[in-house]
Amino acid sequence: VLAAAGWGVVPGSRIRREAICPGRIVAGGRRANPLLVDYFFEHRGQILAVLVALALPVLVPVFAAIALAIKLSSPGPVFFVQSRVGQGGRLFGMVKFRSMVVDAEARRAEVLGRSDRAGLCFKAKDDPRITPFGRVLRRWSIDEMPQVVTVIAGSMSLVGPRPVLVDEMPLLGD
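Residues numbered from 1 in each chain as written. Predicted model: local features only at pLDDT ≥ 70, side-chain atom pairs only at ≥ 80, totals over all residues. Heavy atoms only, no water.

(A) Layout of the overall build of the protein. A tally of helices and strands in the protein yields six helices and three strands. Counting only residues that meet the buried cut, the protein has 27% of its 174 residues in that class. Within the protein, contacts between residues at least 6 apart in sequence are counted, and of these 55% link residues at least 24 apart. Element-wise, carbon and sulfur atoms account for 63% of the exposed surface of the protein, whose accessible area totals about 11,400 Å². (Helix = DSSP H or I, 4+ residues; strand = E, 2+ residues; numbered from the N terminus. Buried < 20%, exposed > 50% of the residue type's maximum accessible area, 1.4 Å probe, protein only. Contact = heavy atoms within 4.5 Å. Areas by Shrake-Rupley, 256 points an atom, 1.4 Å probe, with all protein chains shown as cover.)

So, in structure tokens, the structure goes:
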């Protein structure tokens, strides 16, 4: 629904109203209302702004509590910013709550052999770089919450593939 309404779509992408054909069956076996689809396309920026404004009174105290817990549990900054490659090869900074030790990027080569997955996406269940509070953040994907700011800024989408690390670009080929 969010992608259909155009929310979280990277600016410049070409999602058209025709992609949601009026009369087609959507989730729940109902038919899409063409007037509602048009309304979302025309006003998606304003709708997103209202939703963010309504969510801010709830999110700010939550973000502050998480930031305080990160600061008290380990030395270093609250946020981790990593360069990623977005649509069209554009670089952007992806922001997350820091769930690892400060020098985790420098120690990445040490743990590459521990990956639980094949391919580009590195993930290790027993990664020693993750802080104790970071394990809690990751278990509930709370460390990803600041990415909403990146989506609102238009650098990242709510839907689509994971943005690629700069180091992974040569491995993708053409």
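Next comes the rest of the description.
(B) Fine view of the sheet that holds strand β1 (residues 79–85). Spatial ordering of the open sheet is given by β2-β1-β3, a layout of three strands whose pairing is antiparallel. The strands lining the two open edges of the sheet, one partner per strand, are β2 (91–97) and β3 (164–165). In this sheet, β3 lies alongside β1 in antiparallel orientation, the contact comprising two bridges. Residue V85 lies in a different strand from β3, and its bridge partner there is V164. (Pairing = 2+ DSSP bridges.)

(C) Spotlight on the side chain of K96. Mapped onto the fold, K96 is located in strand β2. The class for K96 is buried, based on a relative accessible area of 16%. Residue contacts for K96: discarding those within four places in its chain leaves V78, F79, F80, R84, D143, E144, P146 and Q147.

(D) Representation of the nonpolar core. Among the nonpolar cores identified, the biggest contains six residues, and these are I66, A67, I70, V78, F97 and L137. Residues within four places of V78 in sequence aside, it is in contact with A67, I70, K71, K96, F97 and R98. (Core = buried A, V, L, I, M, F, W, Y, C linked by side-chain atoms within 4.5 Å.)

(E) Structural context of unusual backbone geometry. Phi at S141 is positive, roughly 55°, even though this residue is not glycine. Note that S141 resides in the loop between α4 (132–139) and α5 (147–153). Owing to a relative accessible area of 44%, S141 belongs among the partly exposed residues under this scheme.

(F) Broad picture of the confidence of the model for the protein. Looking at the protein, pLDDT values average 77 and 76% of them are 70 or higher. Averaged over each element, pLDDT in the protein is lowest for helix α1 (residues 2–5) (42) and highest for α4 (95). In this model, residues 1–23 is a region of pLDDT below 50 whose contacts with residues beyond four sequence positions or in other chains number 43 contacts. (pLDDT = per-residue confidence, 0-100.)

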